[in-house]
Structure formats: structure tokens, C-alpha cells
Amino acid sequence: MRLAELSERSGVSTATIKYYLREGLLPPGHRVNATTAEYGEEHLRRLRLVRALIQVGGIPVATAREVLGHVDDDTLGRTIRLGAALWALPQDPEPDEDDPSVATARAEVDRLLVSLGWETSRELAPLSPVHRSLVAAVAALHRLGYSWDAELLKPYGELMLQVARRQLDHMETYDSRTEQVEMAVASAVLFEPVLRALRRLAQEEESARRYGIE
């Protein structure tokens, strides 16, 4: 398809598409002549992902470029490729290493990973922004007097493992490795709010069942 058709099918203006092309968020089309290029379904799919990252996820263009660079890096194995793309997404605040609650939280998170048998997560902990986000969150709970230790957290970790398995099962229904990692990135941006909302709705429902509507 030509640029005008890509714009019509995606709902994105030609000016914005050209901007994404200049910024490296969208791969160049197949050059027909000096002034014309053709685009395929992969461009349409990528354009929708870019819009999701920037418009829905509120991710800066530079960050989106980094994420998509990992998505497209077929020199990496699937696990590293997926992990690099997800790590490049915006993360929660880093833990304050001067806070004594952080050391306590880090120890509890490590005990949690041991009890779950998540050895890869333990090995990657010094590098992982996701691990640091978990430590910061647990530390914040400790500062408020809510001692969420490894025993309390373990059932939630087990539930999240089931969620991860379902998402990877769904990811594997896509044909190419690039599409699979694209889907995983889209899920991180778009599906995590769904999980959060479902948890809150479930809490409302269970509260009403236990205590009634007061």
C-alpha cells in the first residue's frame, strides 16, 4: 500500500507517519522510485503498536524507539529479546538505598524468589529494573507498617506465574518472533491496566459478599 492508504487504514495522518519514519519508530517502506515507497501489513501492525505506546502508554518517543529497537533485534534469543524490550519500558521509581526499609524489603524479595524457585529472576536481580521496582514497593509498604514478607507475597507470585503462562501461550500463537515480542510489549502497556482494574473489581465484589453494601 502507498502512504495515503497506510494513513487511511491506520487512522494516523501522513504527517505523523512521516515523523515516525524519521524518528526510526517505523521501518522504511520498499522504495518504488525517488519519491514513492510501498508499505505492507507489518507497517500497519507496527504503526498501531507505536500509537499504543505513545498515545495510550504515554511513553516518550525516545523510549519507544529504544523498546522497538529491542523488539527488532533478531540477533538476541527470544528470552533476552523480550526481557530487553520490557526492561526498556518506563519503570516505577528506584528504591532509596539510604532508606533502612529497602534492605529489609530486598531480603524479603530474595526470600520470595527462593521460595518460588525463580532462579533466573534472582540471577538478574542486580540488573533488573523490575526487581528494583518490587523492592521499592515492598519497602514503601514496610514504612507504612504493612509487613508484606515473603510468606504473604508468595501466593501472589504463584498467581502471577499463571498469568505469565497464559500470556506466553497467547504470544506463541503469533507467527514470527517479532510479532510475538510486539504482542508482549503491547500487553505490558495495555493489558496490565486490565489486570489492575480486574483486581480492584474483584476486591469490590468480594467485599460486598463478605460485608454487604453499607
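Residues numbered from 1 in each chain as written. Predicted model: local features only at pLDDT ≥ 70, side-chain atom pairs only at ≥ 80, totals over all residues. Heavy atoms only, no water.

Enquirer: Which residues make up the overall build of the protein chain, and what are the values?
Expert: Tallying secondary structure elements over the protein chain gives 11 helices and two strands in all. Its helices and strands in sequence order give the protein chain the pattern α-α-β-β-α-α-α-α-α-α-α-α-α, from N to C terminus. Its C-alpha atoms put the protein chain at 65 × 45 × 35 Å along the principal axes. The buried share of the protein chain, taken over its 214 residues, is 33%. Summing over all exposed atoms, the protein chain offers an accessible surface of approximately 13400 Å²; the carbon and sulfur share of this is 54%. Positive and negative charge centroids in the protein chain, built from 26 and 33 side chains respectively, lie 4 Å apart. (Helix = DSSP H or I, 4+ residues; strand = E, 2+ residues; numbered from the N terminus. Buried < 20%, exposed > 50% of the residue type's maximum accessible area, 1.4 Å probe, protein only. Areas by Shrake-Rupley, 256 points an atom, 1.4 Å probe, with all protein chains shown as cover. Lys, Arg positive; Asp, Glu negative; His and termini not counted. Charge placed at Lys NZ, Arg CZ, Asp CG, Glu CD.)

Enquirer: Lay out the confidence of the model for the protein chain with the relevant residues and their values.
Expert: When pLDDT is averaged across the protein chain, the result is 91; 100% of the residues are at 70 or more. Mean pLDDT per element in the protein chain: strand 1 (residues 30-31) is the minimum at 85, and helix 6 (residues 100-116) is the maximum at 96. (pLDDT = per-residue confidence, 0-100.)

Enquirer: So what about the packing of aromatic side chains? Which residues, and what values?
Expert: Under the counting rule described, the total for this entry stands at two aromatic pairs. The interplanar angle of 45 degrees and the centroid separation of 6.0 Å between the aromatic rings of tyrosine 19 and tyrosine 20 together place this pair among those described as tilted. Residue classification places tyrosine 19 among the partly exposed residues on the basis of a relative accessible area of 31%. (Phe/Tyr/Trp six-rings, centres within 6.5 Å; stacked < 30°, edge-to-face > 60°.)

Enquirer: Now, about the packing of helix 5 (residues 78-87) against helix 10 (residues 177-190): what can you tell me, with residues and values included?
Expert: Across the interface, helix 5 lies against helix 10 with an axial gap of 10 Å and an inter-helix angle of 35 degrees. As helix 5 runs across helix 10, the sense of the crossing is right-handed. Contacts between helix 5 and helix 10 pair Arg78, Arg81, Leu82, Ala85 and Leu86 from the former with Arg177, Thr178, Gln180, Val181, Ala184, Val185 and Ala188 from the latter. Looking at the contact of helix 5 with helix 10, its residues break down into seven nonpolar, two polar and three charged. (Axes fitted to C-alpha atoms, helices over the stretch in contact; angles between N-to-C directions. Left-handed = near helix turned anticlockwise from the far one by under 90°. Contact = heavy atoms within 4.5 Å. Nonpolar A, V, L, I, M, F, W, Y, C, P; charged D, E, K, R; others polar.)

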